[in-house]
Amino acid sequence: MKTTIDLTGKTTPTPAIVQAPEPRPNKPISLGRRMLRAWQLYAMLAIPLVWVAIFCYWPLYGIQIAFRDYTPAHGITGSDWVGLKYFVRFLGSYQFFELIKNTVVLHMYELLVAFPAPILLALALNTLRQKVFSRIVQLVAYAPNFLSAVVVVGIMTMMLSPSTGVVNQLFAAMGLPRIDFMGQSEWFQSLYVFSGVWQSAGFAAIIYLAALAGVPPELHEAAKMDGASQLRRVWHIDLPSIMPIAVIMLILNIGSILNVGFEKVLLMQNPLNLDISQVINTYVYQVGLNSAVPQYSYATAIGIFQSVVGVILLLLANWMARRITKSGLL
């Protein structure tokens, strides 16, 4: 024990400093013990995992049909292996370029019209001062999303019928000739795209409205103090705030450029507009299931080609978005 001398000359003992033992490192908790502690959460997670495994991953076993001369009598493993035979057949088919052209043109038309529509709708709803009117507009815009493709096509068929349709009756009342909208190829793409905008734009705007709700109101107040107009505030405050989400949605849309909606195209398709309405999805259905002799291997090969091109375009679009806007999926 050490001693110290104070100003009066007295010595007082100084207690020795006892060093505390170093704490032992905590042992990592094993995965099994962590799962046991939160078994309720893992039990809830088990059901969707089983569903994904059965309906999303197990069917991937059938991809090998595209590389075999598959017949139901021999089964998947019993069918002869033919390699890339059906891929070469599709690439050399006289319908290849027509299918690619119809699919890409229809998707690009839809992308140019339908992609900015929910953005513009969200910006317009966000700038409305009368919240009651804004909520009524939102409700009216959301409602068509809950209609199925069958109902939407049925509505178009009834309204655009050459004999009993409301549109053609108005044309006849004004002395204009009746038009068979559903039977003419030049009207197919516009009807498909604009009916899709009417059906889905309101619901898609929810994503952008959620992003606009997170914009600090102080930015708009400061812009008002600086004399910025409503249009300036939308351009310099609201639009940049939703740009990252818009870029992600654009990347996902580009990735599905060869995957145009199957149900609606098939319902709108008829022999009169088949030259422009035949896309890859409907062609796969036709050769794989709807033909007199189903060609399962050929249809599977076309589907794999479509998926591979979609993944490549998705990665390319994501890379370009990262280079240009510094935001993307990965």
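In the block above lies the structure referred to throughout.
Owing to the predicted nature of the structure, the values given are computational and were not obtained by experimental measurement.

(A) Summary view of the overall build of the protein. Assigned secondary structure in the protein consists of 16 helices and four strands. The globule rule puts the C-alpha radius of gyration for 330 residues at 20 Å, and the 31 Å found for the protein is more than 25% above it. With the C-alpha coordinates aligned to their principal axes, the bounding extent of the protein is approximately 120 × 70 × 40 Å. Roughly 21800 Å² of accessible area belongs to the protein as shown, and the carbon and sulfur atoms make up 69% of that amount. Within the protein, one finds 22 positive and 14 negative side-chain charges whose respective centroids are separated by 12 Å.

(B) Quick look at the nonpolar core. If you look at the biggest cluster of nonpolar residues, it comprises 17 residues, and the most contacted ones within it are Phe90, Tyr283, Tyr298 and Ile302. Elements with a minimum of two residues in this core: helix 4 (85-91), helix 5 (96-114), helix 15 (280-288) and helix 16 (296-325). With six residues, the top contributor of residues to this core is helix 16. Counting 16 residues, the second-largest nonpolar core is a separate cluster that includes Ala122, Leu123, Leu209 and Leu212.

(C) Region of the structure containing the environment of Ile251. Along the chain, the position of Ile251 falls in helix 12 (residues 230-255). Residue Ile251 is classed as buried on the basis of its relative accessible area of 2%. For the pair formed by Ile251 and Leu316, sequence separation is 65 residues and the distance between their alpha carbons is 8.9 Å.

(D) Representation of the packing of helix 6 (residues 116-127) against helix 12 within the structure. Relative to each other, helix 6 and helix 12 sit at 130 degrees, their axes nearing to 11 Å. The angle between the axes of helix 6 and helix 12 places the two elements in the oblique class. Handedness of the helix 6/helix 12 crossing: right-handed. Across from Ile119, Leu123, Asn126 and Thr127 in helix 6, the residues of helix 12 making contact are Gln230, Val234, Asp238, Leu239, Ile242 and Ala246. Residues belonging to the contact of helix 6 with helix 12 are distributed by class as follows: six nonpolar, three polar and one charged.

Parameters at a glance
Residues numbered from 1 in each chain as written. Predicted model: local features only at pLDDT ≥ 70, side-chain atom pairs only at ≥ 80, totals over all residues. Heavy atoms only, no water. Helix = DSSP H or I, 4+ residues; strand = E, 2+ residues; numbered from the N terminus. Rg over C-alpha atoms; globule rule 2.2 N^0.38 Å. Areas by Shrake-Rupley, 256 points an atom, 1.4 Å probe, with all protein chains shown as cover. Lys, Arg positive; Asp, Glu negative; His and termini not counted. Charge placed at Lys NZ, Arg CZ, Asp CG, Glu CD. Core = buried A, V, L, I, M, F, W, Y, C linked by side-chain atoms within 4.5 Å. Buried < 20%, exposed > 50% of the residue type's maximum accessible area, 1.4 Å probe, protein only. Axes fitted to C-alpha atoms, helices over the stretch in contact; angles between N-to-C directions. Parallel < 35°, antiparallel > 145°, perpendicular 65-115°, else oblique. Left-handed = near helix turned anticlockwise from the far one by under 90°. Contact = heavy atoms within 4.5 Å. Nonpolar A, V, L, I, M, F, W, Y, C, P; charged D, E, K, R; others polar.

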